[in-house]
Amino acid sequence: MPSFRRRITARVLVVGAGVAALLGFNAPPAGAGTVTVNYTCAAITGPWGHKVFDVTVMAPATVSRGQTGTVQVAMTDTVNSSTSLAAGVVRGTMTLHLGGVGSGTVDATGMTNPAISPGTPWRVSGGTAQVTFANAGTVTFTPGVFRAGAWGCGVRTGYTAPVAATTDVTP
C-alpha cells in the first residue's frame, strides 16, 4: 500500500504543477515602468518652459505575434501644483515611440486629470492605445509628445527619453 500512496501523491503533484503552469500562461501580468522625462512645453499664448514629468507606461508583458494589446499611459508632474484644478479640465494625448521589433508611433488618447489641490502633484491618467504586435521579439515603448488643449510638450532638445515599458512577443 505505501507504494500505491507514493504513486498517487506523485501524480497529484505533477498534475498540480501542470495546472499551475497553465494558469500562469493564460494571464500574463502587465509590465509597467515609470521613467522621468524632460520636456519643453509651450502654449499658443507663448512659451511655458521646461517641465519634468514621471511617465508611466503599462503594456502587456507577453503577447503572441499578430495579437493586439492595450497600452496605458499616465504622467505626473515632479513639482507640486500651486493652484487647484477641477477634475476633467485637462484632456490629453501622448505619443509613444515603438522600438525593438516594433516601429512607428501610437497615440494614447483619453488622458484626463483628477481634482488637484494646491500642494499636490499635477497628474493625468487613463490614456490608452491599441498596438498590434506584428513581429516576434521585444517591443519597447518610449514617451514622446504630450498634447493637451492649446499647449503641448515635446521631449527636450538634446535629451533622449528612456524606454518606459517592454512587451515580449512570442512567435
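Residues numbered from 1 in each chain as written. Predicted model: local features only at pLDDT ≥ 70, side-chain atom pairs only at ≥ 80, totals over all residues. Heavy atoms only, no water.

### Let's talk about the overall build of the chain
Note the cut-off: Secondary structure elements are taken from DSSP: a helix is a run of H or I of four residues or more, a strand is a run of E of two residues or more, and numbering for both begins at the N terminus. Burial classification: accessible surface area is computed with a 1.4 Å probe over protein chains only, and a residue below 20% of its type maximum counts as buried, one above 50% as exposed, and the rest as partly exposed. Any two residues whose heavy atoms approach within 4.5 Å at even a single point are treated as in contact. The accessible surface values rely on the Shrake-Rupley method and a 1.4 Å probe; as for residues, cover is taken only from the protein chains in view.
Helix and strand counts for the chain come out as 1 helix and 10 strands. Moving toward the C terminus, one meets the helices and strands of the chain in the order α-β-β-β-β-β-β-β-β-β-β. When burial is assessed residue by residue, the chain has 33% of its 171 residues classed as buried. Put simply, of all contacts in the chain between residues at least 6 apart along the chain, 65% involve residues at least 24 apart. A total of about 9500 Å² of accessible surface is found on the chain, and carbon and sulfur atoms cover 60% of it.

### Regarding the confidence of the model for the chain
Quick note on the threshold: How sure the predictor is of each residue is captured by pLDDT, a score from 0 to 100.
Per-residue pLDDT for the chain averages 83, and the proportion of residues at 70 or more is 79%. In the model, residues 4–28 has pLDDT below 50 throughout and makes 1 contact with residues more than four positions away in sequence or in other chains.

### Looking at the packing of aromatic side chains
Aromatic rings considered in pairs are described by the distance between their centres and by the relative angle of their planes. For clarity, the threshold we go by: Pairs were defined over the aromatic rings of Phe, Tyr and Trp, the Trp ring being its six-membered one, requiring ring centres within 6.5 Å. Orientation was assigned from the angle between planes: stacked under 30 degrees, edge-to-face over 60, tilted for the rest.
In the structure shown here, the tally under the stated rule is 6 aromatic pairs. Ring geometry for Trp122 versus Trp151: centroids 6.1 Å apart, planes at 55 degrees, classification tilted. In this pair, Trp122 is assigned in strand E7 (residues 121–132) and Trp151 in strand E9 (residues 151–155), connecting sequence segments 29 residues apart. Judged by its relative accessible area of 21%, Trp151 falls in the partly exposed class.

### Re the state of the cysteines
The line we're drawing: Note that a disulfide, as used here, is simply two cysteine sulfur atoms within 2.5 Å.
Using the criterion set out here, one finds 1 disulfide in the structure. Between the sulfur atoms of Cys41 and its disulfide partner Cys153 the distance amounts to 2.0 Å. Torsion about the S-S bond of the Cys41 and Cys153 cystine: about 110 degrees, corresponding to right-handed handedness. Of this pair, Cys41 sits in strand E1 (residues 30–43) while Cys153 sits in strand E9, placing them 112 residues apart in sequence. Look at Cys41 and you get buried, because its relative accessible area is 1%. A residue is classified by how much of its surface remains accessible, and Cys153, at 0% relative accessible area, is buried.

### Overview of the side chain of Thr167
The line we're drawing: N or O atoms closer than or at 3.5 Å make up a polar contact, with two conditions inside protein: a donor-capable atom paired with an acceptor-capable one, and, for residues adjacent in sequence, both atoms drawn from side chains.
Among the secondary structure elements, Thr167 is positioned in strand E10 (residues 165–170). At 2.6 Å, the side chain of Thr167 and the backbone oxygen of Pro60 are in polar contact. The residues touching Thr167, leaving out its near neighbours within four places in the chain, are Ala59, Pro60, Ala61, Thr62, Val63, Phe133, Gly137, Thr138, Val139 and Phe141.

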